[in-house]
Amino acid sequence: MTIVKASMAGTVWKILVAEGEQVSAGQDVVILESMKMEIPIAAEEAGTVKRIIAAEGDFINVDDDLVEIE
Amino acid sequence: MTKLTADKKHQEMKDTVLKGGHEKYHEKNKEQGKLFVRERLELLFDEGLQAEDGTFANVLAGDLPADGVVTGIGKIHGRTVCVMANDSTVKAGSWGKRTVEKIIRIQETAEKLSVPLLYLVDSAGARITDQLEMFPGRRGAGRIFYNQVKLSGRIPQICLLFGPSAAGGAYIPAFCDVVVMVEGNASMYLGSPRMAEMVIGEKVDLETMGGAKMHCSISGCGDVLAKTEEEAIAYARQYISYFPDNFKNKPNVEDPKLPATFEKSIEEIIPANQNAAFNMYDLIDRIIDEGSFCEVKKLFAAEIITGFARINGQSVGIIANQPRVKGGVLFHDSADKAAKFISLCDAFHIPLLFLADVPGFMIGTQVEKMGIIRHGAKMIFAMSEATVPKITVIVRKAYGAGLYAMAGPAFEPDVCIALTGAQIAVMGPEAAVNAVYANKIAALPKEEQTAFIEQQREEYRKEIDVYRLASELIIDDVIEPNELRKTLELRLDAYKSKKLTFTERKHGVSPV
C-alpha cells in the first residue's frame, strides 16, 4: 500500500482517478493548483486506487495524503 | 643479504601489499557487490595507475598494506588526474597516521600539478587507537579538509562514495564539487545508528539515516545515485570531460553533434496555457548535442534541473525550471541546488544557460520558517557573482523574484532572450488582477465580476506583452522557439572571449 502525498501546499483542483481504478507508476492521479500553476501529482507505484482521501477544492499542505493505492 | 634474496624479499613484500587485506574481507566485499580498490582504479583510469606513492606505507606492521589507502596518478581520457582511494579490506578502510599523511600528500601533488583530484571513499573513519597521531595535529585529518577548501575552485574535486564515510570522514564528500553514491553501499553520517541509539535514544537503520538514496533525494549531500560501482566510475569519467584541469584553463571543446531528432518541435511541446505543466527535459534534449546531458542532483529538488551539456561541442551548465515538478516554483532546496551548481560552473569557466519558466519563489508559512528568503539569496548571490558567459532564455514565464534568480536583465546576463509568447512580470495576470482590484471586484454585482476580471487580465497581458518588453529594451531579443538551438550556438561562440572581474574586494559576505 502506498499513499500519494501532496508535493507542495495548494488546493486540490482535479482528481483524475476513481476508487477501484488501475494506475501505473508515474501516472498522474491528482492535479493540485498552487502558485497559479497546475501541479500534477503522479503515483510512484502501480496498483489499484483503494481510497480517494482528498476532495476537489480542499486546501492541502505539503505531505498531506491524497490517494491511497494498493 | 645477497642481491637475489633482497629482490625476492622485495617482490614478496610488494605482492603482499598489492593484495590488500585478508582474504575474508575480499569475500565480504564481493558479497556486497563491491570491487577491490585496485580494480576500481583499473576501471577509472585509461590504463591503470601510472604512478603510485606510499605503496610501502606501514609495511612493517604486516597487516596494514599501504596503510589502507592507495594514492597516485593516472589518466582519464588522456588527461592526468590524481586519486586517493580507501581500501576497505584493510581495517575497513580506517585512517591511521600514514593514511592521513598519504591523503594530504596527494592533495599537495594535485595542487602542484594543477590537475583534478578524485576521492574514492570507502572508510569506517579514524582508527581510535591511533588518534593522537592522526586526529588533532597540524598534519592530522583536519588538514585534509583544510586542503580541500583551499583546492576548491582551483581544481575539480570529485568524490565517489562506495561505502561508508563516517564521522569526520563525512566531510570529504561535503567539500567536493560533486558526490556520486552507490546505492545500497554508500553512506554518510556523523554518528552511526549504534551511536545514535546510545547517545540520543534513536532506533534507526543505516540506510534510513545516512544511505545513498536518502542523501541523493532528501538531504542533498549526494549528487548522483549510481546503481553499481561501474556506473559511478563511468559517471565520473564523463563528468570530468566537461571540465578543464584547473581554474586557469577553459574546458575542452569536443566534436559538435546535432541534437537528437524528435517528432514534435519545441514550439509543439510548450503548452499555450501558461499554467499547464510540461516536461523541461523535452526542451533540453532539443537544444543540446545528442547524448551530452550529464545531470547533477537529479533526485533532489527536481523542480529545478541542473546539469552539464554540450552545445556545438562546447561545455555549458544548464539551470532550468521544471514545470512538471511543483510547477517549477523555486523552494529553499532548489535555490541551494542552483547556487552550488552556478558557483561550480563559474569556478571552471563553464558558460551558464538559464532556461526560465518560473512562477516565482514559493510562499506560505512553511517555507518562510525554512528560511526561503536566505536560501533564495544564496542563488541570487552566486548567479550575480558569476562572470562566465550567462545566457538567459525566458521560455514561457518569469514572475517575481523568479526572474531575478534566473539571471534576469538586471543581473548582467550577456543576453536575455524571450521565446515568442513568454511573459515577464511581477506576477501572472490572475494574481495581479486579484491583487490590484480585490476591493473593486468585491464591490461589483456578482454577474459583472467575471467580465470585469477577464477584461482586466487582458489589459494586463497587453502591458506585459513580450514585444512591449523588447521595445523598451528590457529583453534583448525575441525568437521563435525552433530557432533556439541555432541562437545558442551563435551566442556561445560570440561570448567566448568574455573577461570580467565582478568587483574588487577581499570577498563578499555570502548568505548561508
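Definitions and cut-offs
- Residues numbered from 1 in each chain as written.
- Chains lettered and ligands numbered in written order.
- Predicted model: local features only at pLDDT ≥ 70, side-chain atom pairs only at ≥ 80, totals over all residues.
- Helix = DSSP H or I, 4+ residues; strand = E, 2+ residues; numbered from the N terminus.
- Rg over C-alpha atoms; globule rule 2.2 N^0.38 Å.
- Buried ≥ 20, exposed ≤ 12 C-beta atoms within 10 Å, placed from the backbone.
- Contact = placed C-beta atoms within 7 Å.
- Pairing = 2+ DSSP bridges.
- Axes fitted to C-alpha atoms, helices over the stretch in contact; angles between N-to-C directions.
- Parallel < 35°, antiparallel > 145°, perpendicular 65-115°, else oblique.
- Left-handed = near helix turned anticlockwise from the far one by under 90°.

(A) Up close: the overall build of chain B. Of regular secondary structure, chain B possesses 21 helices and 16 strands. Whereas a compact globule of 512 residues would reach a radius of gyration of roughly 24 Å, chain B reaches 26 Å, a difference of no more than 12%. Burial statistics for chain B: of 512 residues in total, 47% are counted as buried. Taking as baseline every contact in chain B between residues at least 6 positions apart, the subset at least 24 positions apart corresponds to 73%.

(B) Here's a closer look at the pairing of strand E5 (residues 37-42) of chain A. Residues and elements named next belong to chain A. For strand E4 (residues 28-34) and E5, the ladder comprises six bridges, and the chain directions are antiparallel. Bridging across to E5, Ser34 finds its partner in Met37. Between E4 and E5, which pair antiparallel and follow one another directly, the connecting turn spans two residues, one of which, Met35, has a positive phi of 55°.

(C) Broad picture of the sheet that holds strand E1 (residues 2-5) of chain A. Residue and element names in this part refer to chain A. Read across the open sheet, the four strands follow the order E1-E8-E6-E3; overall the sheet is antiparallel. Only two strands of the sheet have a single partner each, and these edge strands are E1 and strand E3 (22-23). When E1 meets strand E8 (residues 65-69), the two strands line up antiparallel, connected through four bridges. Each bridged residue has a counterpart across the sheet, and for Val4 the counterpart in E8 is Val67.

(D) Seen up close, unusual backbone geometry. Its identity is not glycine, yet Lys36 of chain A carries a phi of approximately 65°, on the positive side. Looking at where Lys36 of chain A falls in the secondary structure, it is placed in the loop between E4 and E5. For Lys36 of chain A, a count of 21 C-beta atoms within 10 Å corresponds to the buried category. A positive phi angle, near 55°, is found at Asn312 of chain B, a position not held by glycine. Under the C-beta neighbour-count criterion, Asn312 of chain B is labelled buried, with 20 such atoms within 10 Å.

(E) A look at the packing of helix H14 (residues 332-347) of chain B against helix H16 (residues 372-385) of chain B. Residue and element names in this part refer to chain B. At a minimum axis distance of 8 Å, the contact between H14 and H16 shows a crossing angle of 20°. In terms of their interaxial angle, H14 and H16 are classed as roughly parallel. For the pair H14 and H16, the crossing hand works out as left-handed. Across the interface between the two elements, His332, Ala335, Asp336, Ala338, Ala339, Ile342, Ser343 and Asp346 of H14 pack against Ile372, His375, Gly376, Lys378, Met379, Ala382, Met383 and Glu385 of H16.

(F) How the structure looks around the pairing of strand E11 (residues 314-321) of chain B. Residues and elements named next belong to chain B. Among the eight residues that make up E11, eight are buried, leaving the element largely enclosed by the rest of the structure. Burial of E11 is two-sided: the residues Gln314, Val316, Ile318 and Ala320 facing one way and the residues Ser315, Gly317, Ile319 and Asn321 facing the other way are all buried. Inspection of the sheet shows strand E10 (residues 304-311) paired to E11 by eight bridges, in the antiparallel sense. By the bridge assignment for E11, Ile305 is matched with Ala320. Relative to strand E12 (residues 352-358), E11 is paired through four bridges, and the arrangement is parallel.

(G) Representation of the environment of Lys390 of chain B in the model. All names here are of chain B. Counting through the fold element by element, Lys390 comes out in strand E13 (residues 390-399). In this structure, the C-alpha to C-alpha distance between Lys390 and Ala66, residues 324 residues apart in sequence, is 46 Å. When near neighbours in sequence (up to four residues on either side) are disregarded, Lys390 contacts Leu352, Ala407, Pro413 and Asp414.

None of the figures reported here should be taken as evidence of function without further support.
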